[in-house]
Each structure stands twice: as structure tokens, then as C-alpha cells.
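Structural characterization, general
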Amino acid sequence: MSRQIVTRFAPSPTGMLHIGGVRTALFCWLFARRHGGRFILRIEDTDLSRSTDDNIRIIEEGMAWCGLDWDEGPVVGDPSAWKGPHGPYRQMQRMDLYRTKIQELLDKGLAYRCRCSRETIDERRKAVEAAGKVFQYNRGMDAGKGCADLGHDASEPAAIRFKMPTEGDILVPDLIKGNTRFPADSLDDWIIARTGDGPGQIGVPTYNFCVVVDDTHMEVSHVIRGDDHLNNTPKQIPLFAAFGYDLPAFAHVPMILGADGAKLSKRHGATSITEYQALGLLPSAVRLALARLSWTPKIDGRAVESAEEELLTDEQMIQLFDLADCQKSAARFDMDKLTWLNQKLIQRAPWQELEPHLRPFLPASWDTQPEAWKAQAIQCTQKGKSLTDMAEALRFAFERPTTFDEKAVEKFLTPTVLPALRDLAALTDYSHDALEAGFTAILERHSLKTKDLAQALRVALCGRPVSPGIYDTLMLVGRDEVLARLERWL
RNA sequence: GGGGCUAUCGUCUAGGGGUCAGGACACCGCCCUUUCACGGCGGUAACACGGGUUCAAAUCCCGUUAGCCCUACCA
């Protein structure tokens, strides 16, 4: 009987929800969904000095906006509530478990109390480095100088260190990177719990300790995380062994770099998911773009081969997702590709589906418009690259222009078209067909080309020579308002 | 400094001994056109470097270089 597939995304609430984190979460989510498993959101808030409730909320909201729903994890807006059988899902609320497990290690002699102060360690580090060596606690030149063999009791505050193996290699099996060997002597006895507040107290455990305990107790089958954690894995593996835990499968996914190949940071533009939302991107486009960095979907064993095949739905992504088709190397973030994906997804979405995403970018009066009007407004602007483009393209429908493109006025609102404009005011039926028929008749009467009248109208109605199809423009503005806007030119 | 990961068009990538090294985005050109766009068609463009192994290397091996990660009582 095989274990159920369980993945988890375990962000630290020390800042915005980074786009790289979202990608990791997306892979975890896709993998869980692909295998009918469970996806856990766990908050790693053991860094007391940097974690905040605000940041936890930002993570939850960002995940929700991206459509990355979790089966187990915190309940949005209620710090003391959670869903799932393995809670709580905030590490600071799991201290009792950690302390029990640390005591267990202490009792078995697999960990020890360390009373070395930061100052003394700094001194020893300097000495070792002065000799041109690498400082490692209780290794090499530092061997025997620390607390490893002193058997300190709990009478004084102490940090807890884990006894790491000193010989051989530690093998890290990985579904993406393959097998990697780390020499045991490149790792030292690391701290699993910070110095406690007083004698007998065990302080807040550190990340590398909590992940091992939590991943096991939450029955995580596949640890999918950024490859910046690959180097942490050989520290964690002996800990799994010390507890007698089974090893989960590991999959370290490559980092996302900025366009210049450097670590993705603010100077590359948007890094937090909230910024992508504000840019007018569809969550589905963000998901696809992120998924396609370092992952090549294979359809019948063949990589996608056309623009059409690039446009995968969530269902297809879930169906196709396979860690074996993931790249080992880091990928640069490509805003152009995201923009293109966004445009294509906007184009093919039913207007009703687009409406809730578009609404935040439109004036409040949008809500009072009739459904048919909304449908038309959306459909005739669905060629835009983003929701913000669409909103901008619809401005004319909400506000009377206050300024006019001078060059355009000069070029299109010529004395020869004004009589045609006057005739147009006589049209009363604003259905598409009637407008077209009326238009054609007016053009013939005044020997004008479509372009002449259409452009003149655009400038008079919108202030600039750019708008949706001219009949759409007229219909969206509405007859009364068309007449009002035309008045100043006649 | 030590340890680890990585390396095909500008970008994301396919390809894993014999391919004209394929696709997508971007870019350029042409066409369509009531504006802006959309759309259609076509084009430019890559195996980091140096050694091996082999009849044959982008592909396998070694080295170099470069980038990234870890080396915290951060995660």
C-alpha cells in the first residue's frame, strides 16, 4: 500500500510573498493535485524577530489570489484556527511537540547542551580562519574545544546541538537533481534549539529541526522546495535517522532569476505577488508562466510544439505535471512571456469569467451597467495585454473627454466631415446593424470614406483617435451622451 | 576559503552519440485593416571554453571559466 501523496509549502512570514515562493508553492500544488493527494500550507514563523501576523495574512491572501488552495493549514483571518488533522500549522504553536522531540534526542545522547556564548564562538572562529581553515563547531581545529563531550546538565541556559556523523558521505536522493553526495566532514554539529530563557529551558528550535519534525508528523511524502535548500538536506537527513523517521522524497526546484541572471530582487521590477495582481494580470496567466519556468510539459512524451499547446489550462497542467520533466538549472523570469500568456488568456476567456478580475480596475459605476452593456464592453476590449489595458481602453465609456489630441482634431475634424457628423446625430437606432446602415448611407451622401467619419467621431467622442470598433464605441457611449459630446463640434 | 548545484538562439526550452540542432516568447519584414490593436505569413538568431573517448560528440568523461546556493542561536 503506497502512502498518500502529501506536499507542503512552508513559507516564512518575514516579508512579501515572493514570486519565487509562489512558483515553489505552485509545483507543490500541481504535484498534489496530479496525484490526488493533499497540499499543506505551513507557516514557519520560528524567526521571532522577523515574523509578523501581517505577513502571514499577506501570504494567505496571495496564495488565495493565485488559486493555490490548501487542504490543510491556517484559516485566513483567524490565527488560532486551522483546518486539517495535523495542526496547528504555525510552528510557534507547535512548541510542545518540538520540546518533546528535543528532549528525546537529549535523552538518547544524540544531541547535547552547548553553553558556548556567541562571543567565545566568534573568537574560536577567528582563530581558525586566521589559520586559513574553515570554522566548524566540534570539527577540525575546533574538535574537543566545545561542549560535545562535556555532558552539561540543565542547570544553566544552553543551546542544543545535534551530533552529526563525522565520517563518510551523506547521500541526498532527489527527484530533480539526482543523487548528490556531501562529505560528512563538511558539516558540523549544528544548533537545533536556541539558548533557552533560563535553566532547564529549551529555546525556540531552528528551521532545520522543525522541518524534519513537521514534515514527518504531517505525513509529507514529497518535500518540494527551492534548491537553496539542497545544501540543508544533508543536515536534515541524519536527524530523520536519529528519530527513526522514514525519509520523504525530495525534489529541489531551481531558483528564478531576474532578467539579467542575478537573484530576482526589487530592482528587477515586481517581486511580490501583490504587484503582479496590480499589473492587471490574470492569476491563471501567472500560474502558467511560473509553471513553465523550469518545467516542460510533455504531451504523449513530446514537448509542447506550438503556441496553441503553450496555452495550457489548469486541468491540463495538473494532468501533465511531472517532476521528471523539470529542469535542473535556474531560469530567468520572462515578463514578455507572461504578458503574452496573459493576453492570450484574456482573449479566450468568456466575458463573465473576466468580469470579476476586471472590475477592480474600473470605476464604481461599472456595477450599475446592464449585463449586455458589460458584455459588449469586455468583448470589444479583449485584445488588450492586461486588465489595466482593458480598463484604460474603456475610459471613454465612463468619462467625457476634457482634453483633445490637437493633431488629431486638426487632421480628422475637418470642415468636410462636420456635415456628416451632423447627419449622424439624426440616427436613433443604436443597434450594430442600424448604425452600420446609417453610417454607410451618410458616407455615400457626403462622399467620405469610413476612415474619415470613424476617426472624426473617435476624436470628438473620446478626445483621441483611438477607441474600439466605431459601432461599439457609439453603442457604449450611448445616444444621449453621443449627442452631448458632439454638440461642441457642430 | 570550503562544500554543493548549474551551463543549447536575447529569454523559456526540445534534443541524451549520426538532426539542415526543433518549438514558444521577444525582435525584424510582409499581408489584412474604420483607429489602436488582433490576426495571418515569413525571417534573423544558440550547443560557454579546452582536452579526451569514438568511424562519429550539443549529447559520454576530465578540466577550466562563469553564475547561483549553503557555510547563522535566518528560513
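This structure is a prediction, so every number in the text was calculated from the model and none was measured.

**Considerations on the protein's contact with RNA strand B**
Near RNA strand B, the surroundings consist of 66 residues, among which Asp47, Arg194, Thr195, Ser294 and Lys344 are the closest. Here RNA strand B approaches the protein such that, of its atoms within 4 Å, sugar and phosphate make up 74%. Between aspartate 47 and RNA strand B, the recorded distance is 2.4 Å, taken from a side-chain N or O atom to a sugar or linking oxygen. Between arginine 292 and RNA strand B, the recorded distance is 3.0 Å, taken from a backbone N or O atom to a sugar or linking oxygen. In terms of residue count, helix 11 (residues 335-348) provides more of the surface near RNA strand B than any other element does, 6 residues in total.

**Side note on the sheet that holds strand 6 (residues 159-162)**
The 4 strands lie next to each other as 5-6-9-10, forming an open sheet whose pairing is antiparallel. Each edge of the open sheet is held by one strand with a lone partner, namely strand 5 (111-114) and strand 10 (202-205). Strand-to-strand twist of the sheet, defined as the mean angle between neighbouring strand axes without regard to direction, takes the value 35°. Of the pairings in the sheet, the one linking strand 6 to strand 9 (residues 191-195) comprises 2 bridges and is antiparallel in character. Looking at the pairing, arginine 161 lines up with isoleucine 191 of strand 9. Here helix 3 (residues 95-108) sits on the sheet in contact with strand 5, strand 6, strand 9 and strand 10, set at roughly 115° to strand 10.

**Here we look at the state of the cysteines**
Evaluated as defined, the whole model comprises 0 disulfides. Unpaired in this structure, cysteine 116 has its nearest cysteine sulfur neighbour in cysteine 147, at a distance of 3.6 Å. Residue classification places cysteine 147 among the buried positions, given a relative accessible area of 4%.

**Comments concerning the pattern of salt bridges**
Going through the model one piece at a time under the given rule, you end up with 34 salt bridges. Note that aspartate 69 and arginine 33 form a salt bridge whose closest N and O atoms lie 3.4 Å from each other. Linking aspartate 69 in the loop between helix 2 (53-65) and strand 3 (73-75) with arginine 33 in helix 1 (residues 19-34), this pair joins segments that are 36 residues apart in sequence. On the basis of relative accessibility, which here comes to 41%, the residue aspartate 69 falls in the partly exposed class. A salt bridge links glutamate 104 to lysine 101, with the nearest nitrogen and oxygen atoms 2.9 Å apart. With glutamate 104 and lysine 101 both in helix 3 and 3 residues apart, this pair spans about one turn of that helix. Judged by relative accessible area, glutamate 104 falls into the partly exposed class, the value being 25%. One salt-bridge network, in which partners are shared between bridges, spans Arg8, Arg42, Glu44, Arg94, Asp214 and Asp215.

What counts as what
- Residues numbered from 1 in each chain as written.
- Chains lettered and ligands numbered in written order.
- Predicted model: local features only at pLDDT ≥ 70, side-chain atom pairs only at ≥ 80, totals over all residues.
- Heavy atoms only, no water.
- Near = heavy atom within 4 Å.
- Polar contact = N/O pair within 3.5 Å; in protein donor to acceptor, adjacent residues only side chain to side chain.
- Helix = DSSP H or I, 4+ residues; strand = E, 2+ residues; numbered from the N terminus.
- Pairing = 2+ DSSP bridges.
- Axes fitted to C-alpha atoms, helices over the stretch in contact; angles between N-to-C directions.
- Contact = heavy atoms within 4.5 Å.
- Disulfide = S-S within 2.5 Å.
- Buried < 20%, exposed > 50% of the residue type's maximum accessible area, 1.4 Å probe, protein only.
- Salt bridge = Lys/Arg side-chain N within 4 Å of Asp/Glu carboxyl O.

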